[in-house]
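# A look at the structure
Residue strings, one per chain:
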Amino acid sequence: PVRGPATTPAAACAECQGRPSEGAPSEAVAERVPPPEAPKRALSALAEPKRLYNAVVTISGLPAAYAQYRYWFVMQFVPDMQWCHVVPLQSFGFFPARNHLRGQRPIWKLAPEGKVRELDVPAYRCAEVKASLVARTSNADREVWDIEDSIPYATPQP
């Protein structure tokens, strides 16, 4: 069997580095360029943990069957799974005109139990809205919310 020319480790190394393989390395050695850095991943909305205990939220990506409900109350929140059990809110009248703090905004309460469907959704689909408790009861069914940007979204009374 015929073998090719013998290559020394130095010659093989020179070939990899783009230098001539004869003799000592020349002075015109290619500059080593460091490998590109891995791109730094920015935290996205999916990666940020949310804390939605007893919050009023809007939900993105709902089917058309739920379009009549703009606001939802987070009844249960599972932080390690970032999962929410939500109940729709409905408007039941308006705050009185004499209440200057509430500005005749709609009164929001939980939709009647058994009349509407409750949902389980991932927390990344929920966006918290600015709302305040008014009645401050321990029973969520009797609670009243004031949602600050709710004027155009009042639902008709049943």
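The rules we used
In every chain, residue numbers begin from 1 and rise along the written sequence. Local features in this predicted model are restricted to residues whose pLDDT is 70 or higher, and side-chain atom pairs enter the listing and the counts only when it is 80 or higher, whereas totals over whole chains, interfaces and linings include all residues. With hydrogens and water set aside, each side-chain value is computed from the structure's full complement of heavy atoms. We count a salt bridge whenever a side-chain nitrogen from Lys or Arg sits within 4 Å of a carboxyl oxygen from Asp or Glu. Numbering of helices and strands runs from the N terminus, with a helix taken as a DSSP run of H or I at least four residues long and a strand as a DSSP run of E at least two residues long. Categorising residues by exposure relies on relative accessible area from a 1.4 Å probe, with only protein chains included: less than 20% of the type maximum marks a residue as buried, more than 50% marks it as exposed, and the intermediate range marks it as partly exposed.

Considering all chains together, one arrives at one salt bridge under this definition. Put simply, Asp 146 and Arg 105 hold a salt bridge, and the shortest N to O gap is 2.8 Å. Within this pair, whereas Asp 146 is found in strand E8 (residues 145–147), its partner Arg 105 is found in the loop between strand E3 (83–94) and strand E4 (106–110), the two being separated by 41 residues in sequence. With a relative accessible area of 1%, Asp 146 lands in the buried category. Classification of Arg 105 as buried rests on a relative accessible area of 13%.

Next up on the list: unusual backbone geometry. With glycine set apart, most residues show a phi of negative sign, and most peptide bonds adopt trans. Although it is not a glycine, Asn 54 adopts a positive phi angle of roughly 50°. Inspection of the secondary structure puts Asn 54 in the loop between helix H1 (9–17) and strand E1 (56–59). Positioned with a positive phi, Gln 82 is a non-glycine residue whose angle comes to about 55°. Tracing the chain through its elements places Gln 82 in the loop between strand E2 (72–78) and E3.

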